[in-house]
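# Observations on chain architecture
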Amino acid sequence: MQTIKPLPDVAAHHAASHALTLQWVGMEDIALPLRLNVDDNQQLSINAKANLYVSLDNPDAKGIHMSRLYLQMNNHLANRPLNRESIAQLLSFMVESQQGISQGARLQLQFELLLQRNSLKSNEQGYQSYPCTLNAEHLEGRLDITLALTIPYSSTCPCSASLSRQLYSEAIDQQFGGTAIDKEALLRWLQSDAGSIATPHSQRSYAYLKIQLNDHSFPPLSGLIARFEAALGTPVQAAVKRSDEQEFARLNAENLMFCEDAARRIKQSLEALDEITNYWFKVEHQESLHAHNAVVIDQKYTQDN
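An account of the accompanying structure is given in this report. Note that the coordinates shown come from a computational prediction; the quantities given were computed from them, not determined experimentally. The numbers attached to residues start from 1 for each chain and follow its sequence in the written order. Given that this is a predicted model, residues contribute local features only at a pLDDT of at least 70 and side-chain atom pairs are listed and counted only at 80 or more, while totals for whole chains, interfaces and linings are drawn from all residues. Excluding hydrogens and water, the side-chain values take into account all heavy atoms of the structure.

### Side note on the packing of helix H2 (residues 66-76) against helix H3 (residues 84-97)
The following threshold applies: Axis definition: a line fitted to C-alpha atoms, limited for helices to the stretch in contact. Angles are taken between N-to-C directions and run from 0 to 180 degrees. In this text, helices come from DSSP runs of H or I with a minimum length of four residues, and strands from runs of E with a minimum of two, each type numbered from the N-terminal end. Here the word oblique covers every angle except those under 35 degrees (roughly parallel), over 145 (roughly antiparallel) and from 65 to 115 (roughly perpendicular). Two helices cross in a left-handed way if the nearer one is turned anticlockwise from the farther one by less than a right angle. They cross in a right-handed way if the turn is clockwise. Only heavy atoms enter the contact rule, under which two residues are in contact if any of them lie within 4.5 Å. Ten residues, namely Ala, Val, Leu, Ile, Met, Phe, Trp, Tyr, Cys and Pro, are considered nonpolar, four, namely Asp, Glu, Lys and Arg, are considered charged, and the remaining ones, Gly among them, are considered polar.
H3 packs onto H2 with a crossing angle of 155° between their chain directions and a minimal axis gap of 9 Å. In terms of orientation, H2 and H3 fall into the roughly antiparallel class. Viewed along their axes, H2 and H3 form a crossing whose handedness is right-handed. Contacts between H2 and H3 involve Arg68, Leu69, Gln72, Met73 and His76 on the former and, on the latter, Ser86, Gln89, Leu90, Phe93, Met94 and Ser97. Split by residue class, the contact of H2 with H3 holds 5 nonpolar, 5 polar and 1 charged.

### Considering the pairing of strand S7 (residues 276-285)
Heads up, the condition is: When a residue's accessible area, from a 1.4 Å probe over protein chains only, is under 20% of the maximum for its type it is buried; when over 50% it is exposed; and in between it is partly exposed. Each pair of strands is called paired provided DSSP finds at least two bridges between the two strands.
Extensive coverage of S7 is indicated by the burial of 8 of its 10 residues. Where strand S6 (residues 202-213) lies against S7, 9 bridges are found, and the strand directions are antiparallel. The partner of Leu213 across the bridge, within S7, is Ile276. Relative to strand S8 (residues 294-299), S7 runs antiparallel, the two being bridged by 6 bridges. Pairing of Phe281 across the sheet is with Asp298, part of S8.

### Here's the deal with helix H7 (residues 242-254)
Condition: Multiply 1.5 Å by the residue count of a helix minus one, and that product is the helix's expected span. Within this analysis, the arc is defined by the directions that extend from the helix axis to the C-beta atoms.
Along its 13 residues, H7 runs 19 Å from first to last C-alpha, staying within 8% of the 18 Å computed at 1.5 Å per residue. Regarding H7, the residues found buried are Asp244, Glu247, Leu251 and Asn252. Projected down its long axis, H7 shows its buried positions confined to an angular sector of 145°, all on one face. Exposed residues pointing more than 90 degrees away from the buried face of H7 are listed as Arg242, Glu245, Gln246 and Ala253. Along its buried surface, H7 packs onto strand S5 (142-156).

### Here's the deal with the nonpolar core
Our working rule: Put simply, buried Ala, Val, Leu, Ile, Met, Phe, Trp, Tyr and Cys residues joined by side-chain atoms within 4.5 Å make one nonpolar core.
Counting 65 residues, the largest nonpolar core has Leu107, Leu113 and Leu270 as the members making the most contacts within it. For Leu270, the contacting residues outside a window of four places in its chain are Leu209, Ile211, Phe228, Ile276, Tyr279 and Phe281.

### With respect to the sheet that holds S8
Read from one edge of the open sheet, 8 strands run S1-S2-S3-S4-S5-S6-S7-S8, paired in antiparallel fashion. Strands with a single pairing partner mark the edges of an open sheet, and in this sheet they are strand S1 (22-39) and S8. Going from strand to strand, the sheet's axes swing by 15° on average, the running direction of each strand aside. The sheet contact formed by S1 and strand S2 (residues 42-56) spans 13 bridges and is antiparallel. Residue pairing across strands places Arg35 opposite Ser45, the latter belonging to S2.

### Quick look at the pattern of salt bridges
The line we're drawing: One side-chain nitrogen of Lys or Arg within 4 Å of one carboxyl oxygen of Asp or Glu is enough to make a salt bridge.
Overall, the coordinates contain 11 salt bridges when judged by the stated rule. Several salt bridges converge on common partners, so that one network encompasses Arg84, Arg142, Asp144 and Asp215.

Here's what the structure looks like:
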């Protein structure tokens, strides 16, 4: 009977040629299926890319046991609900799997959250995609989780709207002499091609947010996104008919925003959230008037994010 010989394990049985510690060692861009709670009654299946790392704290260790990280990820996250408990368990077992050579673990997840969106007026439905990144670190017995969200919206320039209104005023003054204006004549003129005097410039805009969760929270991402979209007032649309486009134009007129206005709306919404302990955000208005963008960057604490 042939004896099965044990396979060599270089990482376990060979010392490092240079005795030094390393901050993070691991694997990146691992395909991972997840289930994500988007609200109290719904879970979504999503495809994520995972990065897994552990610290190499034993300077004499040749290397970490990478396959163990992959297996722990499959056991604790693959096709399972993503929540604070599952993340904490994974990171803890990642450290334990290294048999004493590691003290810290780190997880990064990147995915697109696809949410159903109703049209503004026509009762149609479509889908909007939101890029998301989750960063979790287990260091010295503490778990820190940070969420990064990208939220698109529309912004119409208040200055451009004011200048357009002035041109309309001047055109009406020239078109209709005297001290009185016939209402029907004014309405016909406004609805004709001659009534298209000027339009404010609008742009697709983005809010980039990084929020650090407190020790007890893991809020549904759909609720967070809905909160910030409501604060901004003009989220981008999916399925659109003419009635929806007209309503979108009305909402933009009601929510004229410089980037400073949008930033203050985001900041006020962030400050009111009890679930977070720190935040960083950037709003970016991709101007149609200029070849450059208008931006605002702000954060709760003055630290690198």
